[in-house]
Amino acid sequence: MNISLTDPSTLLVLLATVGGLGVLFLPQLRKWRAWQATVTPLASIIGSGFLVLGPILDDSYGKYAPLVMAGLCLLAFAFGYAIRFNIARMAMVDERSWAEDWLEQASSWALAFAYCISVAYYLNLFGAFGLSLFHLDNPAYPKLLTSAVLFFVVAAGLVGGFSTMEKMEQFAVSLKLAIIAGLLVGLALYFSGKASHHELVFNDLQLSGWPAITLAFGLIVTVQGFETSRYLSDEYTAQMRIRSMRWAQIISAAIYMVYVSLLSYLFKPSDLVLEETAIVDMMQIVAPVLPPLLVAAALSAQFSAAVADASGAGGLAEEVSRGKITPKRAYLILGIFGALLTWGADVFDIIAYASKAFALYYAIQSAIAMVGDWKTAGGFNWRTPVYAGLSMIGILIVVFGVAAEGSAA
């Protein structure tokens, strides 16, 4: 890998990354309450999915990839609308109906299960990206690295070590967002060069009709994470959590749309081998400095996200089981489940499984919003079919969502 600091694209990418880090570490920004509330859901949304989503959309949808990205963002915003209503209603009423309470319990179980899958998802990407620069042919090596880190995370949870690791999250978030700024600058420069020479690529659809829809269903996890605002009630008011979720979704959607719109017109199908770390090889062409930066972003993002979701799974399991499942037992279950997924499925399969799990949670939250809105409005109104439709879409994703077919699938 030949990285020259005299190369203009390398210099601009580095300047954008360093500049982004400088802004994100400004004391005024770090202490701004609204930003603190926004950064948690924003980091969850623009997590590992950011790195794998672009190549999948480009490979499957070609020149229409930005439209699919827009659809995913709009669907996520609609699910967020339902969850934001639930946050507001919980703050308004002293006691919810038995149906809302029962559905809330079910959604907590669904979310705890989704967290178990997402930890495996994050750490499998950690394993893949951790070895991506070494071009090792044996597919067992990333799984071995994933298993080792999974063991470390579970062991840390068992001995109460999460509190120390969770302090890394703020740095990991800032690093990831700064590198994404560098990535977008690099893509914009490469895109402008291609456009000026009339060399942009407009690939045809590889999927259409129902298969195209079911693949999009299997990618909903890549825009997931906004729901974390729902569970920050100990730190922020309901109004602040609603605002933080909305802004996190708007900012992430803008970043995703720029990223996918630039990426989708640069590479011919022959240039792209779809695998979980395809973005690394693609960015080698754009700017040689980007692959190591992306690997650094991936490793920090995956590890911090896995720790956060493991901690969340333990806490949720204890809460919904009324103490019958302690956090330590939950970590053991999570470790066993994660190991089975690691060795029994590839990353693209795990992405689809995680999408189904989170879609189930969103379906139940949408059903809660429908019941709660009915109670608040005193009967049927225009929002009733909206929430019912969102719940049905969530169920359709659970039933029909499929995995992308990568080179290792």
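Parameters at a glance
Residues numbered from 1 in each chain as written. Predicted model: local features only at pLDDT ≥ 70, side-chain atom pairs only at ≥ 80, totals over all residues. Heavy atoms only, no water. Helix = DSSP H or I, 4+ residues; strand = E, 2+ residues; numbered from the N terminus. Rg over C-alpha atoms; globule rule 2.2 N^0.38 Å. Buried < 20%, exposed > 50% of the residue type's maximum accessible area, 1.4 Å probe, protein only. Expected span 1.5 Å × (residues − 1). Patch = residues over 30% accessible without salt bridge, like charges linked within 9 Å, V, L, I, M, F, W, Y side chains within 5 Å. Areas by Shrake-Rupley, 256 points an atom, 1.4 Å probe, with all protein chains shown as cover. Salt bridge = Lys/Arg side-chain N within 4 Å of Asp/Glu carboxyl O. Core = buried A, V, L, I, M, F, W, Y, C linked by side-chain atoms within 4.5 Å. Contact = heavy atoms within 4.5 Å.

### A closer look at the overall build of the chain
Regarding its fold elements, the chain presents 16 helices and zero strands. Since a compact globule built from 409 residues should have a radius of gyration of about 22 Å, the 21 Å found for the chain is in line with a globular shape. Oriented by its inertia axes, the alpha-carbon framework of the chain measures out at about 65 × 50 × 45 Å. Taking all 409 residues of the chain together, the buried fraction comes to 55%.

### Observations concerning helix α6 (residues 98-130)
Over its 33 residues, α6 runs 47 Å from end to end, which matches the ideal 48 Å to within 8%, given 1.5 Å per residue. Of all 33 residues that make up α6, 26 are buried, and the element is covered over most of its length.

### Brief notes about a nonpolar patch on the surface
Side chains of W210, I213, M392, I395, L396, V399 and F400 sit close together on the surface and give an oily, nonpolar patch of about 630 Å² of accessible area. Secondary structure elements with two or more residues in the nonpolar patch: α10 (209-217) and α16 (383-400). With five residues, the single largest contributor to the nonpolar patch is α16. As for its placement among the helices and strands, F400 is situated in helix α16. Taking relative accessible area as the criterion, F400 reaches 35% and is therefore assigned partly exposed.

### Brief notes about the nonpolar core
Core analysis: the largest hydrophobic core is formed by 124 residues, its most contacted members being Y259 and M283. The greatest single-element share of this core, amounting to 16 residues, is contributed by α6. With residues near it in sequence (within four places) discarded, M283 still touches L183, L187, L263, F267, P288, L290, P291 and L294. Formed by five residues, the second largest nonpolar core is a distinct cluster that contains A34, A37, L232 and Y236.

### Describing the side chain of S108
Looking at the element boundaries, S108 is found in helix α6. For S108, a relative accessible area of 5% puts it in the buried group. Not counting residues up to four positions away in its chain, the partners in contact with S108 are L316 and V320.

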